[in-house]
Amino acid sequence: MRLRRSILRMTAGLVLLLALAFFLLPWKLWLGDKLIAILQQKGVQSVALTVDHVGLRGITLRDLSVGEQAPLRLGQITVDYRLREVTLRGLSLEAQQSETGWALSGLDALSAASPSAAPMAIPVTPEALAAMPFRRASLEGRLHVAGKAFTADVPLAFEWLKGDEIAVMFAGDATAGKFGEATFTIGKLFWGVKLDAANAQWAGRWSIDPITIASSAVALPPLVCSGDTTAQAQRVRVTGNCASADKTFLLDAALDYRLDAPQQSTLTITRAQMPWSGGKLAVRDVVVPLGAKKAITIALRIDQVDIAALMQTLLGDRVKATGVVSGVVPITIGADGSLRFKDAALKAQQPGIIALAPETIPGDNAQVALVRELLKNLHYNLLSLELNSGDDRKLGVTLAVEGVNPDVEQGRPIKLKVHLSGDVLDLVKQNLLLMTDPKQFIQQGHDENH
């Protein structure tokens, strides 16, 4: 009996000593230093962490930081000893764009751990994924994107499931950003894929509900977007559609990204349209190269647009007009972002009235004075606009009209072609007699109609 009591006392004392050691000895600091040393031996540099908890099933680390100038930060990571589950919380990432490309915080410190120059490949078979021991991995955090043209703050909620089906899911709420002068917000973002081992690819769906864009240049309603994703070992393809509730705003696009040859990556705008000034603007089949700076040409289709709004866009408040125009405007966007217009042609769909302010037409001779009078209140039957960019990259607009001014020359029919360039309107002699003898030209127009 005494021996048994002695053993019990010794056991209780040992448990007490172990408990005191657990709470009082700095073994957590030792374990933290040991983990840092192991990571440094693996090539991961500039590591800081704190061991927060060691339990019977797993270990919890906090305040993990990797890197110096732009460190990767992680608030908490919990791993079970069997390496079946890992939970990461408080991840803080920053992606920055520079002259040489994009950089992700912390990757400079991780680069020494994986010095291979081989192109990154996506694992697309169960065998390739066998190296990842976790059956479940979850991540919560935030990504800040700082590009030259846009910025964004993206909340992250990522989950990896490895069971009968292997799946990856990502979700985000209340994403906000800025693109140039425009701001945007995303209500709910979802992206999920499952492994299609038979076809050696990942496949799934994505959705944004809604995305709201605020811009002083154009008023956009909330847009709902969705589409498909497929990812092969060296290629990722994302297709999708965005539309407003009334379908007046539409965008169909496809992203084709090559991991083995990023310079061959492209974004194809299959269809895009939006209402503008009573009509519609649309483009189709525009291919934008993502890997190299190249000029691209798009054919902007203008359908039933208010001519007054269009002319005021080109000339400001110096012109008033009625009627609508339609046509195609080829626009070349240079590698430097410059715009050039080539042989753009727009025509009025029905008769109307156009009036140019007299002060917009310089000159003090009789010919110019007559043109001023004619263009004060011209009732046109036919009207067309041609847009071209000169060598100086300034937009030139040629206005051709046929009609009458009831207040001039007793309303006899006339034909005019006026060239507008910058702030100066120059009259051009192009298949017209107006410049040589305005009265003869007016008379000719009268004779042709009788």
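Here is a short report on the structure shown in this document. From a predicted model like this one, the values you see are computed outputs, not experimental measurements. (Residues numbered from 1 in each chain as written. Predicted model: local features only at pLDDT ≥ 70, side-chain atom pairs only at ≥ 80, totals over all residues. Heavy atoms only, no water.)

A closer look at the overall build of the protein chain
Next up, step 1: Each helix and strand counted, the protein chain has seven helices and 25 strands in total.
Next up, step 2: Each of the 450 residues in the protein chain was classed as buried or not, and the buried ones make up 35%.
Next up, step 3: A fraction of 44% describes how many contacts in the protein chain between residues 6 or more apart in sequence connect residues 24 or more apart.
Next up, step 4: Carbon and sulfur atoms provide 58% of the accessible area of the protein chain, an area that totals close to 26400 Å². (Helix = DSSP H or I, 4+ residues; strand = E, 2+ residues; numbered from the N terminus. Buried < 20%, exposed > 50% of the residue type's maximum accessible area, 1.4 Å probe, protein only. Contact = heavy atoms within 4.5 Å. Areas by Shrake-Rupley, 256 points an atom, 1.4 Å probe, with all protein chains shown as cover.)

What to know about the pattern of salt bridges
Next up, step 1: According to the stated counting rule, one finds nine salt bridges in the structure shown.
Next up, step 2: Put simply, Asp228 and Arg205 hold a salt bridge, and the shortest N to O gap is 2.9 Å. Within this pair, whereas Asp228 is found in strand β11 (residues 223-231), its partner Arg205 is found in strand β10 (residues 201-214), the two being separated by 23 residues in sequence.
Next up, step 3: Look at the salt bridges and you will find they share partners, linking Asp52, Arg62 and Asp63 into a network. (Salt bridge = Lys/Arg side-chain N within 4 Å of Asp/Glu carboxyl O.)

Concerning the side chain of Arg258
Next up, step 1: Along the chain, Arg258 turns up in strand β13 (residues 250-258).
Next up, step 2: According to the relative accessible area criterion, Arg258 is buried, its value standing at 19%.
Next up, step 3: A distance of 3.3 Å separates the side chain of Arg258 from the side chain of Asp260, its partner in a polar contact.
Next up, step 4: A polar atom in the side chain of Arg258 sits 3.2 Å from the side chain of Gln264. (Polar contact = N/O pair within 3.5 Å; in protein donor to acceptor, adjacent residues only side chain to side chain.)

Side note on the packing of aromatic side chains
Next up, step 1: One pass over the structure, following the stated rule, counts one aromatic pair.
Next up, step 2: Taking 6.5 Å as the distance between ring centres and 55 degrees as the angle between the ring planes, the aromatic pair formed by Trp160 and Trp202 counts as tilted. Of this pair, Trp160 sits in strand β7 (residues 150-162) while Trp202 is found in strand β10, placing the two residues 42 residues apart along the sequence. Taken as a pair, Trp160 and Trp202 share a single burial class, namely buried. (Phe/Tyr/Trp six-rings, centres within 6.5 Å; stacked < 30°, edge-to-face > 60°.)

Here we look at the pairing of strand β6 (residues 136-146)
Next up, step 1: Direction of pairing for strand β4 (residues 85-98) relative to β6: parallel, over a ladder of ten bridges. Considered in β6, the bridge of Ser92 is made with Arg142.
Next up, step 2: Where β6 meets β7, eleven bridges bridge the pair, whose relative direction is antiparallel. Considered in β7, the bridge of Val145 is made with Ala152.
Next up, step 3: Between the end of β6 and the start of β7, which pair antiparallel, lie three residues. (Pairing = 2+ DSSP bridges.)

Observations regarding helix α5 (residues 307-315)
Next up, step 1: Inspection of α5 places Ile307, Ala308, Ala309, Leu310, Met311 and Leu315 among the buried residues, and these make up the whole buried set.
Next up, step 2: Looking one or two places after α5, you find Gly316, whose phi comes out positive at around 80 degrees.

Overview of unusual backbone geometry
Trans is the common state for peptide bonds, and a negative phi is the common state for residues other than glycine.
Next up, step 1: Cis rather than trans, the peptide bond between Asp209 and Pro210 has omega equal to -15 degrees.
Next up, step 2: Structurally, Pro210 is set in strand β10.
Next up, step 3: Although it is not a glycine, Ala200 sits at a positive phi angle of roughly 50 degrees.
Next up, step 4: Inspection of the secondary structure puts Ala200 in the loop between β9 (182-196) and β10.
Next up, step 5: Accessibility expressed as a relative area gives 31% for Ala200, which makes it partly exposed.
Next up, step 6: Residues other than glycine seldom take positive phi values, yet Asp343 does so here, at roughly 55 degrees.
Next up, step 7: In this structure Asp343 comes out as exposed when scored by relative accessible area, which is 51%.

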